[in-house]
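Now for the letters of each chain:
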Amino acid sequence: MKKKSLMRSIAAAPHIFWAVLFIVLPLIIVGVYAFTDAEGNFSLANIAALTDYVPIFWLSLELSVIATAVCLVIGYPLAYIIAKSSPRAQKIFIMLLMLPMWTNLLIRTYSIMAILDDGGFLNTLLNTSFHIVGTKGAVIFGMVYDFLPYMVLPIYTCVSKIDKHMWEAASDLGCSPVKTMLKVIFPLSMSGIISGVTMVLVPSISTFYISQKLGGGTFELIGDTIERQFVTGALNVGAAISLVMMVLILISITVMNRFSEGDEGGIIV
Amino acid sequence: MKYASRIYLCLIFSVLYIPIFTLILFSFNVENSTAEFAGFSLRWYIELFNSPETFTALRNTLLLAVLSALLSTVIGTAAAEGIYKMRSRFIKGAITSVTNIPMMNPDIVTGMSMMLFFAAVMGIFKISDYNEIGFAAMLIAHTTFCLPYVILSVLPRINELGDSLSEAALDLGCTPVSAFFRVKLPNIMPGVISGMVMAFTLSLDDFVISYFVGPTNFQTLPLLIYSMTKKKVTPDMYALSTIIIVSVFILLIISNIRSGKRADENKRKRGAVK
């Protein structure tokens, strides 16, 4: 019986082989690098050196959490309005939302920088001298701009699945529109919100391109730090930072998924 | 309320599109500037088409995207079938969690881990020049981060389809393999196709992982764009982006019209049955 059950799943064998070799093994190697020095001897120096990066980590967390919150505040009403429009309009809005996503992130970010820069398009057009690039606000704006669709799409998928009769039922039972929104619609779209939050938070906290371009070289985020270790060849420290970041992110995703158990609320449209 | 929501939509979409429209505008700039528009010209497009570097990068990007989409679709579809048939919930859960790691992990961590892995491979097989395994490394890396998306798009279809059709095929004398190819696969095809399309676009768009894994002799478009934005950018990069945006836009419109037509046809068919 056991043999038969093994045979049934033989189709998954190439994938399991692939996953062990190219997913699990590389992560183990990251772990090995994190706990060894440049000569390959066991060492805790890299882990101890992490304390130097605590302020950078807090800054990355601060910026990405603000960006995620802004995305949620802007994105929820947007997703809701789209979900409530006619099917034809819905299609067009979703297409309009996806189109920037299909444009490479590097190009979008660069274009924002060219607009907001000190001698950029906005300042030449208005003949002003706003200093925007190089501030925290510019980095947050870049994150929100680049990742907003990732927030809107899962929420939209979730909200558009909510039965229209929910509204009627809630108002029949005496709920005001605001209360219906807070007590019925919002909780029902929780799984969309959670996948939206993860899909914005993870790339924001680990970005290095946005902070390089829109931070104007004045900010270093955790992604920049890893990238710098990679460029300068300090791979052991880079591996240690990556390891810690991965563990933190996987833990928070697992915790968040506990809240929306059993519902795979549209990871991607 | 209706007006308020319309204004809101307009506002958000204009902010989303301002950078894209300025980019298109400046791709036609006569001067070498991305801040001051001096006049209309096609200068940067001509320069772009005369640069062999761009064409090599474009060819590399497409080659890599096609190969990694095909590879991840074959492995991923087989994996979805295998996972579906698994009895043990524990093994099922373990395999899906491991598969999803590249999807949940920040790209920078996946990129770093892949790079260290290939460095180790070079050490073991005594390869001194990374360019020798560079293309294989890129293909493996791209296939790996595409796999979870393929499985995620195929597995629900297989779950939905259930076993009855394949069992009927087996009863009628199909071997398990031909039952899969002749009965199951055609039925789950929409999931397989959408998984493949997603893998293709993910590979096309990837910068971070390619940045860590990419060898010097195999440059993709995002890597080229990155190296171009390191210096002060000339509008030829804008010209390149404009071409990409316009082609994506046309593709989206075509696919929308086609799916609209299909929906109409289905409606008509259903009407005829009634």
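Residues numbered from 1 in each chain as written. Chains lettered and ligands numbered in written order. Predicted model: local features only at pLDDT ≥ 70, side-chain atom pairs only at ≥ 80, totals over all residues.

1. What to know about the overall build of chain B
Here is step 1 of the chain: A tally of helices and strands in chain B yields 11 helices and 0 strands.
Here is step 2 of the chain: Its helices and strands taken in sequence order, chain B reads α-α-α-α-α-α-α-α-α-α-α from the N to the C terminus.
Here is step 3 of the chain: Since a compact globule built from 274 residues should have a radius of gyration of about 19 Å, the 24 Å found for chain B marks it as more spread out than a globular shape.
Here is step 4 of the chain: Each principal axis of the C-alpha atoms in chain B carries an extent, and together these give about 75 × 65 × 35 Å.
Here is step 5 of the chain: Taking all 274 residues of chain B together, 38% fall into the buried category.
Here is step 6 of the chain: Within chain B, contacts between residues separated by at least 24 positions form 76% of all contacts whose residues are at least 6 apart in sequence. (Helix = DSSP H or I, 4+ residues; strand = E, 2+ residues; numbered from the N terminus. Rg over C-alpha atoms; globule rule 2.2 N^0.38 Å. Buried ≥ 20, exposed ≤ 12 C-beta atoms within 10 Å, placed from the backbone. Contact = placed C-beta atoms within 7 Å.)

2. Some details on the overall build of chain A
Here is step 1 of the chain: If you tally the helices and strands in chain A, you get 14 helices and 0 strands.
Here is step 2 of the chain: Taking the principal axes of its C-alpha atoms as reference, chain A extends roughly 80 × 70 × 30 Å.
Here is step 3 of the chain: A burial count over chain A gives 43% of its 269 residues as buried.

3. What to know about the interface of chain B and chain A
Here is step 1 of the chain: Counting residues at the interface gives 59 residues for chain B and 63 residues for chain A.
Here is step 2 of the chain: Elements that contribute at least two residues to the side of chain B that touches chain A include exactly helix H1 (2-27), helix H3 (52-85), helix H4 (89-104), helix H5 (107-124), helix H6 (130-161), helix H8 (176-205), helix H10 (221-230) and helix H11 (236-273) of chain B.
Here is step 3 of the chain: The element that contributes the greatest number of residues to the side of chain B that touches chain A is H1 of chain B, accounting for 10 residues.
Here is step 4 of the chain: Across the side of chain B that touches chain A, the residue classes tally to 40 nonpolar, 13 polar and 6 charged. (Nonpolar A, V, L, I, M, F, W, Y, C, P; charged D, E, K, R; others polar.)

4. Comments concerning the domain arrangement of chain B
Here is step 1 of the chain: According to the domain assignment, chain B consists of domain 1 (1-41 + 235-274) and domain 2 (51-225).
Here is step 2 of the chain: A separation of 29 Å is found between the C-alpha centroids of domain 1 of chain B and domain 2 of chain B. (Domains from an automatic or database assignment.)

5. Section: unusual backbone geometry
Here is step 1 of the chain: Of note, the phi angle at Asn127 of chain A is positive, near 55°, even though the residue is not glycine.
Here is step 2 of the chain: On the neighbour-count criterion, Asn127 of chain A (6 C-beta atoms within 10 Å) is exposed.
Here is step 3 of the chain: The phi dihedral of Lys126 of chain B falls on the positive side, at around 55°, and the residue is not glycine.
Here is step 4 of the chain: Within the secondary structure, Lys126 of chain B is located in the loop between H5 and H6.

6. Thoughts on the environment of Met101 of chain A
Residues and elements named next belong to chain A.
Here is step 1 of the chain: Looking at the secondary structure, you find Met101 in helix H5 (residues 87-102).
Here is step 2 of the chain: Judged by the 19 C-beta atoms lying within 10 Å of it, Met101 falls in the partly exposed class.
Here is step 3 of the chain: For the pair Met101 and Pro149, spaced 48 residues apart in sequence, the C-alpha separation works out to 7.2 Å.

7. Some remarks on H6 of chain B
All names here are of chain B.
Here is step 1 of the chain: For H6, which comprises 32 residues, the first-to-last C-alpha distance of 45 Å matches the rise-based estimate of 46 Å (1.5 Å per residue) to within 8%.
Here is step 2 of the chain: The largest bend in H6 amounts to roughly 35° and is located at Cys146, with the proline Pro148 lying one to four residues further along.
Here is step 3 of the chain: Looking one or two places after H6, you find Gly162, whose phi comes out positive at around 75°. (Expected span 1.5 Å × (residues − 1). Bend = angle between axes of the 7 residues up to and from the residue.)

8. Brief notes about helix H4 (residues 54-84) of chain A
Residue and element names in this part refer to chain A.
Here is step 1 of the chain: For H4, built from 31 residues, the straight-helix expectation of 45 Å at 1.5 Å per residue is met to within 8% by its first-to-last C-alpha distance of 44 Å.
Here is step 2 of the chain: If you look at H4, its biggest bend is around 30°, right at Gly75, and the proline Pro77 turns up within four residues after that.
Here is step 3 of the chain: Here H4 has its buried residues at Ser60, Leu63, Ser64, Ala67, Thr68, Cys71, Gly75, Tyr76, Leu78, Ala79, Ile81 and Ile82.

9. Let's talk about the domain arrangement of chain A
Residue and element names in this part refer to chain A.
Here is step 1 of the chain: Entries for chain A in the domain assignment read domain 1 (15-44) and domain 2 (53-259).
Here is step 2 of the chain: Placing a centre on the C-alpha atoms of domain 1 and another on those of domain 2 gives a separation of 31 Å.
Here is step 3 of the chain: Of the residues contributing to the side of domain 1 that touches domain 2, the split by class is 4 nonpolar, 2 polar and 1 charged.

10. With respect to the packing of H4 of chain A against helix H11 (residues 190-205) of chain A
All names here are of chain A.
Here is step 1 of the chain: At a minimum axis distance of 9 Å, the contact between H4 and H11 shows a crossing angle of 145°. Note that H4 runs across H11; the crossing there is right-handed. On the side of H4, the interface is formed by Ser60, Leu61, Ser64, Ala67, Thr68, Cys71, Leu72 and Gly75, while H11 contributes Ile193, Gly196, Val197, Val200, Leu201, Ser204 and Ile205.
Here is step 2 of the chain: A per-class count over the contact of H4 with H11 returns 9 nonpolar, 6 polar and no charged. (Axes fitted to C-alpha atoms, helices over the stretch in contact; angles between N-to-C directions. Left-handed = near helix turned anticlockwise from the far one by under 90°.)

11. Considering the environment of Val65 of chain A
All names here are of chain A.
Here is step 1 of the chain: Assignment of secondary structure puts Val65 in helix H4.
Here is step 2 of the chain: According to the C-beta neighbour criterion, Val65 is partly exposed, with 15 such atoms within 10 Å.
Here is step 3 of the chain: The sequence separation of Val65 and Val200 amounts to 135 residues, and the corresponding C-alpha distance is 9.2 Å.

12. A few points about the confidence of the model for chain A
All names here are of chain A.
Here is step 1 of the chain: The predicted model of chain A averages 86 in pLDDT, with 93% of residues at 70 or higher.
Here is step 2 of the chain: Of all helices and strands in chain A, the one with the weakest mean pLDDT is helix H1 (residues 2-8) (58), whereas H4 scores best (94).
Here is step 3 of the chain: Overall, residues 262-269 carries pLDDT values under 50, and its contacts beyond four positions in sequence, including any with other chains, amount to 18 contacts. (pLDDT = per-residue confidence, 0-100.)

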